[in-house]
Structure formats: C-alpha cells, structure tokens
Amino acid sequence: MEAGFRVIDTGARDGRRQIAFDQALIDAHRTGAIPDTIRFLRFPPTALIGRHQALAREVNIETCRVRGIGIARRITGGGAIYFDEGQLGWELVMRRATLGIGSLTEVTRRLCEAAAAGLSRLGVPAQYRPRNDIEVNGRKLSGTGGFFEEDTLFFQGTVLVDMNPADMLAALNVPQAKLARRALDSAAQRVVTLKELLGSAPSLESVKAALLAGFTERLGITAVPGEITALEETLAARLHDEEIGTDAFVAGIGDPGADGSMLAARHTGAGGTIEAYVRLEGARRDRIREALITGDFFVTPPRTIYDLEASLRNVAVTDAGDAVERFFAQTRVGLLTVAPADFRKVVEDALASAA
C-alpha cells in the first residue's frame, strides 16, 4: 500500500519565518497533528548558514546589510547557501517507518536519487553525488540535508532554477579550500541553474511537478494537494518570535577564533569541514574548560554536537581523544560521511596547537 503525502506550498516568506515553519512541521508531525508532508517554499534574497556554522566565517554580514539580504540559520547541518526568488526549496517530513530507511546515509541517497529522477524529466541529466548533492555534469544543481527527530524524518533540498552567481559570491565567504578540492577558480563554476542548462528558466510549477513525479515513482508514495493548517502557522509564529527568528539564534555561533583566546584546528574530509575551538584551565592548563565544534557536517539528532561539547568540559587534555570516542560509542548518533575519528582528530589537533 502506497503512503500518502500531503503537498503544501508556503510560497515566498522571510527566511527566518521559513526556517521556523520547518521546526513547526517537525513538532506538529511528532505529535501526530499532521500527516507525512511534502512542502515547497521560496525565499527573498537570503544567506542561509548551517546549524553548526560560525556566522562571521560564512557570511559577508556587511554586504548583506547594505544590499538588504536576509540572514538566517537553518535547523539542518551542511554549508552556507544563498537563496533568492529564482530558486525553489523542497522538503519532506515523514515517519521513519514510511520508507523503512534506518540510516541518514541511506535516507540521503534514496531521497536525492528520487529528486534527481524527477529533475531529469525536465531534460537535464541530474544525478546524485555523495555526500548530499544533485549534480549535472559535475556541477551542483541541488543541495540537500536532513535529520531524524525521534520517529520523524525531516529532509530538505533546493533547486537552482535561475540565479546570478555574483549575488551568491557577494553574500557568502566561500572558503578557497572548498574550491581547491574541486579544482575550481570560483564558487560560480561549482553551481549550475536550470536556466543555463535549458536555455530558459522553466516555470516553478513544472519544476514542482517534476519533483513530485520523482518522489512518487521512486519512493512508492502518493502525493495529494493539501492545506496549511492553523496549528502550523501558530507554531511557526511562536518559534520565530521566541527562538529561530531572533538575532541570538542566528548569531549564536559567531567567530570563536576571532580574539585568539582559544586553541583551534580544522579538519576537512569526505564528510565536510570540522573546526574545534578549545579553552583550557587549571594551573598547568591541563583540563578543558570549554569546547566548541563548528562546521558544515551532518549529524542526527541535531543536539549531538552540543552534547559532545558538554561531555568534554573538565576532561583532562591527555584524555580528550578517548573522551570523544567514548561519547560516540555511548550515544545513538547518525553521521553522514563523517566519522567519530574525524571529531577526535580535530579536537586533538586543537590541543596540540598549544605546544
């Protein structure tokens, strides 16, 4: 029996309000108030950073202020992206059991392959590329990300329908190391739009229809047009005003290395970039007072990183690496292409910098 999904479209809204609606969907789904859902959405010009990223490292804040570009923090991991009206967002919120998929890696593969199959209906050879992109001839057409919240899976992606790469380059601080890994001179070379591929931008309705076809055929589900509920709007408004829409949430991770008071290290691997910042205490500076982990990686559940940071407080420097391993061994965590050893390495490298 096919699983039925409600389809809704929240249109173009302020970036922080769209992210608040993400969390509202999750909260409402977890309580059984809404069914499995596919949502489409759009943004005014907005710089969106990942849940664990340092704002000042990823976004040209002054340029965004001058140009009126919004800044928001996603509730999903991954890297910073630029979003405007020429792009289409898509999301699925569903029960874990709907597709019978247990791991974040398998979820990402299945959903990206379904989205790629749908986009291919538009006449482009879209393909999934690990860890979380949909590409055409090696260039990124869609980025994705998601996580599990108890028995609810939340997964989202974008489609570059039409965009001026100069706007993206102005809003974001794209690390040269990220470009060097793909032998690119600029971030503009890394992305491609449907307009560039097809000669003209397809209508948003045709893109939505193509994605829905991919999801229904590849995932074995049905998609039925539905309505946004008053509960979702109320939850989203409250989440926006109390947390997700606040500057405190968006700027919650600033630039921890700015004043040089913390030991720092960076590690880049298949799962993305992880940065560790550590402050020591004690007469011999032999214990960890505070640890902060940032980066564009994906973990589930999202609070995993906050728990890891807490587990390192007051740990002896000589035991830090083992403490990281113990944390992951004792915690139910889902990782996408990144491993506990990556987190251990970056913490140990930060501590080694003290020498």
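Residues numbered from 1 in each chain as written. Predicted model: local features only at pLDDT ≥ 70, side-chain atom pairs only at ≥ 80, totals over all residues. Heavy atoms only, no water.

When helices and strands are tallied, the protein shows 15 helices and 16 strands. Over its C-alpha atoms, taken along the principal directions, the protein stretches across nearly 65 × 45 × 35 Å. Here the protein holds 355 residues, and 53% of them are scored as buried. When contacts within the protein are restricted to residue pairs at least 6 apart in sequence, those whose partners lie at least 24 apart make up 71%. Total accessible area computed for the protein in this model is approximately 14,900 Å², and 48% of it derives from carbon and sulfur atoms. Computed over 42 positive and 46 negative side-chain charges, the inter-centroid distance for the protein is 2 Å. (Helix = DSSP H or I, 4+ residues; strand = E, 2+ residues; numbered from the N terminus. Buried < 20%, exposed > 50% of the residue type's maximum accessible area, 1.4 Å probe, protein only. Contact = heavy atoms within 4.5 Å. Areas by Shrake-Rupley, 256 points an atom, 1.4 Å probe, with all protein chains shown as cover. Lys, Arg positive; Asp, Glu negative; His and termini not counted. Charge placed at Lys NZ, Arg CZ, Asp CG, Glu CD.)

What follows is about the environment of Phe297. The topology assignment puts Phe297 in the loop between strand S14 (287-295) and strand S15 (299-300). With residues up to four places along the chain from it excluded, the contact list for Phe297 reads His52, Gly77, Gly78, Arg131, Gly271, Thr273, Ile274, Ile305 and Phe343.

Between helix H14 (residues 320-330) and helix H15 (residues 340-352), the least distance of the axes is 9 Å, while the angle of their chain directions is 155°. Judged on the interaxial angle alone, H15 and H14 are roughly antiparallel. Regarding H14 and H15, the two cross each other, and that crossing is right-handed. Side by side, H14 and H15 meet where Ala320, Gly321, Asp322, Val324, Glu325 and Phe328 of the first sit next to Pro340, Ala341, Phe343, Arg344, Val347, Glu348 and Leu351 of the second. Here the contact of H14 with H15 is built from residues that sort into 8 nonpolar, 1 polar and 4 charged. (Axes fitted to C-alpha atoms, helices over the stretch in contact; angles between N-to-C directions. Parallel < 35°, antiparallel > 145°, perpendicular 65-115°, else oblique. Left-handed = near helix turned anticlockwise from the far one by under 90°. Nonpolar A, V, L, I, M, F, W, Y, C, P; charged D, E, K, R; others polar.)

On to the pairing of strand S13 (residues 272-281). Of all 10 residues in S13, 8 are buried; the element is thus mostly enclosed. Taken together, strand S12 (residues 263-269) and the strand that follows it, S13, pair antiparallel across an intervening segment of 2 residues. Direction of pairing for S13 relative to S14: antiparallel, over a ladder of 8 bridges. Residue pairing across strands places Ile274 opposite Gly295, the latter belonging to S14. Connecting S13 to the next strand, S14, in antiparallel fashion are 5 residues, including Gly282 with a positive phi near 95°. (Pairing = 2+ DSSP bridges.)

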